[in-house]
Amino acid sequence: MMKLVQRFSELVKGTINGFDRIVFKGCILPLMSATETMKFCRFKGILNKDYKSWMMEQTTKIVDAAEQYAQNKSGQSITHLSTWKTRKESLAHERQQATGITSGLIGVWSCLEAGSSYRARYSAKTGYPLLQNYQTQCKHLYFYFDDPQLVFMNIRLQTWFPYHIQVCLNGREWLRRDLEREGVGFLARGNKFLHIADYDRAQQLLDKQRAVRFPELLNNFLPVVFPVMSGVLGNYLSYYWTLWQSEWATDLVFSSPDKLSGIMDSLLRHALVTGTSTRVLCYLDRPLTKDGNPYSCSRDEVVTRLTGFNNGIRLRHWVGRNSVKVYNEQNVLRVETTINDPGKFKDFRHKQGQAEDEPKQRLIMRKGVADIAVSQDINNRLMGDLATLHDSTPARDCLDEIVHHIAKNGRRFRGIDPTGKDREILLAISDPAFRISALTNKMVREKLSGSPVLARRTDKQCAAKISRYLRLLRAHGILRKEPSQNRYQLTLKGARLTNLLQGILAVSTENLMKMAA
């Protein structure tokens, strides 16, 4: 991160790192299997065949308690939504603005959503019904609050057994309330801080969020959203909380939107150039060989998307369900890692129950707040590549590497003429579209269709000529072949050369002389 900050030190006012959106899921571990659930039913005196009727009675109690709470605290009944696709957060914000609620319950909404529950099915082996886990549609309740500490947040409660709970918070909203409490001035838009009077203090407050004992914090909401819990489940069961989804954001706050927009196009183009599939795998900590290539048995799929976002532009790399993205909004440049599948990462830690004096092991990352430090490492890797946007290497040195002939594996390869006969092929392979899925012989031929390079040649002759070009560019280290594929990626050396060539061709002679002076 520091390399990127130093690179734009004259433009950046301050930086902050910390949670953005975080989602916790709560479940009751003894009730996560059908066998243990049947033991629970026997303890409660509930026959398997009567399980459904008992469960629906408890669902009625839960909904009635929520209705009473909604009436008492917000003056409005539960609002039922006809489809789960409706964005509940927008409805809650609209109601909050309309009613002027500044603290407490904003409202309760309900809808049918997918959930996991149990049902009784006759077993010929036992001669009586057994409970089986299955996926179903059931009523979920959404409680939206403006909490004195956590600000805008929501809790989702599944009204069917085993009563899963999901709590959604926002670290930036939390920071906003802490800054207000301490009297630190700031200017914010949504979850972006456009200005903070004391960035060091803001970072300290963000760091304190990771030290919070979240199980205790989340358990405090159970009497509010699930007041009949002890009557339904008894006094000996408790929720186990996991970090189901996390967004960790690094914000660089520029002095003005114009300063950021002036470099954003170049920054995103550079991110596309450097964001090859292997580099994205490296960003997201996926295993690579010593040569920096994916293992032949790897099934990781890399997806890159470039889209408009809130009057800015967003570049997002996906590997499986985890992603890292960079985008701008107003005067804020944000790099953000989203982790939906922590099992794809490993860290050094003790096994559960292992003594502290025993050596740590490299184990699959848990779904806990303490293990989320990997997100900052991902942000740092991406920002490290972004920091190479402006390279101080003289153009003479870049050209000297390629204009002379070389010998490789007993074969002699001619030098490259970047401004002469090889200009068209170099410009073709610099197309950002090739940075995502790599390029092939056919793609390059289509790109050069109609150019003098392939004029008056048959398809077979064109393919052979491009093959010779690809072999030449590989020999000079400008292209790299993907393992077990006839696809090629532009290397960092190639990216530097093509960027240089485009700059030379685009700049005027007058400006070029000024820069050289």
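This text goes with the structure placed above it.
Every chain is numbered independently, its residues counted from 1 as its sequence is written. The predicted nature of this model means local features are confined to residues of pLDDT at least 70 and side-chain atom pairs, given and counted, to a pLDDT of 80 or more, with totals for whole chains, interfaces and linings taken over all residues. To get the side-chain values, all heavy atoms of the structure are used, and hydrogens and water are removed first.

Colleague: Just checking my understanding: could you explain the packing of helix H5 (residues 171-182) against helix H6 (residues 199-210) for this structure?
Modeller: Describing two packed helices takes the angle between their axes plus the distance from one axis to the other. For helices, the fitted line uses only the C-alpha atoms of the stretch in contact; every axis is such a line through C-alpha atoms, and the angle between N-to-C directions lies from 0 to 180 degrees. We count a stretch as a helix when DSSP gives it H or I for four or more residues in a row; a strand needs E for two or more, and each element gets its number in order from the N terminus. In contact at an axis separation of 10 Å, H5 and H6 are set at 125° when each is read in the N-to-C sense. Between H5 and H6, the crossing angle belongs to the class labelled oblique. H5 and H6 meet at a crossing whose hand is right-handed. The segment H5 lies against H6, with Gly171, Arg172, Trp174, Leu175, Asp178, Leu179 and Glu182 engaging Arg201, Ala202, Leu205, Leu206 and Gln209. These descriptions rest on fixed angle ranges, namely under 35 degrees for roughly parallel, over 145 for roughly antiparallel, 65 to 115 for roughly perpendicular, and the rest for oblique. Crossings are assigned a handedness: left-handed for a near helix turned anticlockwise from the far helix by less than a right angle, right-handed for a clockwise turn. Only heavy atoms enter the contact rule, under which two residues are in contact if any of them lie within 4.5 Å.

Colleague: Could you clarify how one ought to interpret the packing of aromatic side chains in this entry?
Modeller: Any two aromatic rings considered together are summarised by their centre-to-centre distance and by the angle between their planes. To pair, rings of Phe, Tyr and Trp, with the six-membered ring standing in for Trp, must have centres within 6.5 Å; the planes then decide the type, stacked if under 30 degrees apart, edge-to-face if over 60, and tilted in the middle. This structure, assessed with the given rule, holds 16 aromatic pairs. On the numbers, 5.5 Å between centres and 75° between planes, the contact of Phe161 with Tyr163 is edge-to-face. In this pair, the class of Phe161 matches that of Tyr163, namely buried. Summarising the aromatic geometry, the rings of Tyr163 and Phe226 are spaced 5.5 Å apart at their centres and angled 55° between planes, so their arrangement reads as tilted. Separated by 63 residues along the polypeptide, Tyr163 in the loop between strand S5 (151-158) and strand S6 (165-170) and Phe226 in the loop between helix H8 (222-225) and helix H9 (229-233) bring together distant segments of the chain. Judged on exposure class, the residue Tyr163 and its partner Phe226 are both buried. Accessible area is worked out with a 1.4 Å probe on protein chains only. A residue is then buried under 20% of its type maximum, exposed over 50%, and partly exposed in between.

Colleague: I tried to follow the nonpolar core on my own but got confused; where do I start?
Modeller: Across soluble globular proteins, you tend to see nonpolar side chains buried next to one another. What we call a nonpolar core is a set of buried Ala, Val, Leu, Ile, Met, Phe, Trp, Tyr and Cys residues that are connected through their side-chain atoms within 4.5 Å. Residues Phe143, Phe161, Tyr163 and Leu233 are the most contacted members of the largest nonpolar core, which totals 54 residues. The dominant element in this core, judged by the number of residues it contributes, is helix H3 (residues 51-74), at 8 residues. In contact with Tyr163, not counting residues within four places along its chain, are Trp54, Met55, Gln58, Ile62, Leu157, Gln158, Phe226, Val232, Leu233 and Tyr239. Core analysis: the next-biggest nonpolar cluster, separate from the first, contains 32 residues, Leu252, Val324, Leu333 and Val335 among them.

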